[in-house]
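Close look at the chain arrangement
Here's the letter readout for the chains.
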Amino acid sequence: MSAPSIPNLFSLRGSRGASRGRGRGRGGHPQSAALSHDTTIQGTDTDAAVSRMSAVDLGYLQDPYAQYFVQNAAAGGLVRRLPIINRGTYTRTTALDRLISSFLSNTGSEERQIISLGAGTDTRCFKLFSQPNQAGLVYHEVDFPAIATKKLQLVNAVPQLRNIISNPVSDNNSWSSSSLSNGCQYWCHGSDLRDLLKEDAKPLGGVRTDIPTLLVSECCLCYLETSEAQGIIKYFTEKIPNLAVVIYEPIYPGDAFGKQMVSNLAARRIRMPTLDAYQDPAQQQSRLKEAGFDRVKSMTIGDIWRQWVAKGEKERVDDLEGLDEVEEWDLLADHYVVVWGWRGDGFGGWEIESG
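Quick look at the structure, then. For clarity, every value in this text was computed on a predicted model and none was experimentally measured. (Residues numbered from 1 in each chain as written. Predicted model: local features only at pLDDT ≥ 70, side-chain atom pairs only at ≥ 80, totals over all residues. Heavy atoms only, no water.)

What follows covers the overall build of the chain. On a plain count of helices and strands, the chain comes out with 13 helices and 9 strands. Counting all 355 residues of the chain, 54% fall into the buried class. Sequence separation of at least 24 residues holds for 79% of the intrachain contacts in the chain that already meet a minimum separation of 6. Carbon and sulfur atoms form 46% of the exposed surface of the chain, whose accessible area is close to 15,100 Å². (Helix = DSSP H or I, 4+ residues; strand = E, 2+ residues; numbered from the N terminus. Buried < 20%, exposed > 50% of the residue type's maximum accessible area, 1.4 Å probe, protein only. Contact = heavy atoms within 4.5 Å. Areas by Shrake-Rupley, 256 points an atom, 1.4 Å probe, with all protein chains shown as cover.)

Further remarks concern the nonpolar core. Among the nonpolar cores identified, the biggest contains 74 residues, and Ile114, Phe129 and Val338 are the most heavily contacted of them. Top element by residues in this core is helix 2 (residues 83-106). It accounts for 9 residues. If we skip the residues at most four places from it in the chain, Val338 touches Ala95, Leu96, Leu99, Val246, Ile247, Tyr248, Lys297, Ser298, Met299, Ile301 and Ile304. Counting 23 residues, the second largest nonpolar core, distinct from the first, contains Val142, Leu221, Leu224 and Phe293. (Core = buried A, V, L, I, M, F, W, Y, C linked by side-chain atoms within 4.5 Å.)

Before going further, it helps to spend a moment on the pattern of salt bridges. A full pass over the atoms with the stated rule returns 20 salt bridges. Close ionic contact of Arg80 with Glu321 constitutes a salt bridge, the shortest N to O distance being 3.3 Å. Linking Arg80 in the loop between helix 1 (30-57) and helix 2 with Glu321 in helix 11 (residues 311-321), this pair joins segments that are 241 residues apart in sequence. Judged by relative accessible area, Glu321 falls into the partly exposed class, the value being 23%. Across the salt bridge formed by Glu313 and Arg316, the nearest N and O atoms sit 2.9 Å from each other. (Salt bridge = Lys/Arg side-chain N within 4 Å of Asp/Glu carboxyl O.)

Here we come to the packing of helix 2 against helix 10 (residues 301-308). It is at 10 Å that the axes of helix 2 and helix 10 come closest, and there the two elements cross at 70 degrees. By the angle class used here, helix 2 and helix 10 are roughly perpendicular. Where helix 2 abuts helix 10, its residues Arg87, Tyr90, Thr91, Arg92, Ala95, Arg98 and Leu99 lie against Ile301, Ile304, Trp305 and Trp308. A breakdown of the residues in the contact of helix 2 with helix 10 according to their chemical character gives 7 nonpolar, 1 polar and 3 charged. (Axes fitted to C-alpha atoms, helices over the stretch in contact; angles between N-to-C directions. Parallel < 35°, antiparallel > 145°, perpendicular 65-115°, else oblique. Nonpolar A, V, L, I, M, F, W, Y, C, P; charged D, E, K, R; others polar.)

Counted according to the given criterion, the structure contains 3 cavities of 30 Å³ or more. For the second largest cavity, the calculated volume is near 40 Å³. Ala119, Gly120, Glu141, Asp143, Ile147, Ala148, Lys151 and Cys188 together form the lining of the second largest cavity. Ranked by the residues each element gives to the lining of the second largest cavity, the list is headed by helix 4 (residues 145-157), at 3 residues. Of the residues belonging to the lining of the second largest cavity, the class tally is 4 nonpolar, 1 polar and 3 charged. (1 Å grid on protein atoms, 1.4 Å probe; cavity = no way out; pocket = protein on both sides within 12 Å on 5 of 7 lines; lining within 4 Å. Points joined across faces, edges and corners; volume = space filled by probe spheres on them.)

Let us now look at the packing of aromatic side chains. As enumerated under the stated definition, the model contains 14 aromatic pairs in all. An angle of 15 degrees between the planes, with centres 5.5 Å apart, marks the rings of Phe103 and Phe347 as stacked. Separated by 244 residues along the polypeptide, Phe103 in helix 2 and Phe347 in the loop between strand 9 (336-343) and helix 13 (348-354) bring together distant segments of the chain. No difference in accessibility class separates Phe103 from Phe347, as the two residues are buried. Judged by centre distance (6.1 Å) and plane angle (65 degrees), the ring pair of Phe129 and Tyr139 falls under edge-to-face. One end of the pair, Phe129, is in helix 3 (residues 124-129); the other, Tyr139, is in strand 2 (residues 137-143), and 10 residues separate them in sequence. As far as burial versus exposure is concerned, Phe129 and Tyr139 are alike and both buried. Here the aromatic cluster, defined as three or more aromatic residues joined through ring pairs, consists of Tyr60, Tyr90, Trp305 and Trp329. (Phe/Tyr/Trp six-rings, centres within 6.5 Å; stacked < 30°, edge-to-face > 60°.)

This paragraph deals with the sheet that holds strand 5 (residues 185-190). Within a beta sheet, neighbouring strands are joined by backbone hydrogen bonds and run either parallel or antiparallel to one another. Sheet architecture is open: 9 strands sit in the order 3-4-5-2-1-6-7-9-8, paired in mixed fashion. At either end of the open sheet lies a strand with only one pairing partner, and these are strand 3 (169-171) and strand 8 (295-300). Strand-to-strand twist in this sheet, taken as the mean axis angle between neighbours without regard to direction, amounts to 15 degrees. Where strand 6 (residues 213-218) meets strand 7 (residues 243-250), 6 bridges bridge the pair, whose relative direction is parallel. Bridge pairing in strand 7 places Ser217 opposite Ile247. Sheet contacts for helix 2: strand 1 (112-117), strand 2, strand 6, strand 7 and strand 9; angle to strand 6, the most-contacted strand, approximately 175 degrees. (Pairing = 2+ DSSP bridges.)

Time to look at the layout of surface pockets. Its boundaries defined by the atoms lining it, the largest pocket holds a volume of some 550 Å³. The wall of the largest pocket is formed by 21 residues, among which Ser174, Gly190, Ser191, Lys202 and Pro203 lie closest to the centre. Only strand 3, strand 4 (174-177) and strand 5 provide two or more residues apiece to the lining of the largest pocket. Residue composition of the lining of the largest pocket, grouped by class: 7 nonpolar, 9 polar and 5 charged.

Of all 8 residues in strand 7, 8 are buried; the element is thus mostly enclosed. Side chains Leu243, Val245, Ile247 and Glu249 of strand 7 all project onto a buried face; the interleaved residues Ala244, Val246, Tyr248 and Pro250 project onto the opposite face, where all are buried too. Note on the crossover from strand 6 through helix 6 (residues 226-237) to strand 7: the handedness is right-handed. Looking at chain direction, strand 7 and strand 9 are connected through 8 bridges and run antiparallel. Its bridge partner lying in strand 9, Tyr248 is registered against Val338. (Right-handed = clockwise from strand over helix to strand, strands pointing away.)

And the structure:
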């Protein structure tokens, strides 16, 4: 359930990994269809890893750990994404890095916590833990058991990863490490998020309720039914008083470009139920206000590119490939939004970021 590559809405050529096993469950038992959808969503993690590696390989991003999560990366067998896809990956990553860095800087002298929903093969935890000035960070990732197991296997197999998250301890489908430097902890939960909504749900191990916490969803909650997505946010708001959330999702499904986006996703057997419920930035902000967050802000990917990326950095990115599809980029970037909200202590930096 990791964030997939921003889809090229006019051509899906070059997107690999989500097509396997699509046909299972079509026209069959509803439970089989649900399992098929879950399998397809897990496949988007491959797309995310390939898109991240494409952006890294071309110089958009610096991420020494991305190569370990893409098959045949070392042998040069990479899928090169289109320029607008690479720019979208760059801009989304830049936006979340900025918000997360602001949160960590503001809480630098105290314990704090990040909970990444549907993290998949995301590499942010490795980048953060490798920073020498990082201390007291409790980092959680939640994803399907198969993906959590795959991540543990990679950590055990790759010395560069094992040097950062050392001595992992496995417990059924989940694993963790408390052997990190500077008093940091890492927890990887192999769990279907929907299980948290069950009456007999077991709490996620190691989750602190007494420290500032940032909840991150990069195209994760949008795959759940709207009531389930609301329930997941409520699960954390009821337990953690000092809480913030960052959500990255598509918007505007009703215009011509949005309808093509939905059609392209449907062709890959991908359905995003919350897209109909939260169709624009205002509705995305309302969902967080209704969930109990005192302050809420949002920006489209297009606005983030225009306002948060400095002129010199824009020139550097432009020089990497050049961008002929400027009109297509503008449409694409304005159909994705980053919305963030917070309440309680630990988020003073966001007050400055938001103006």
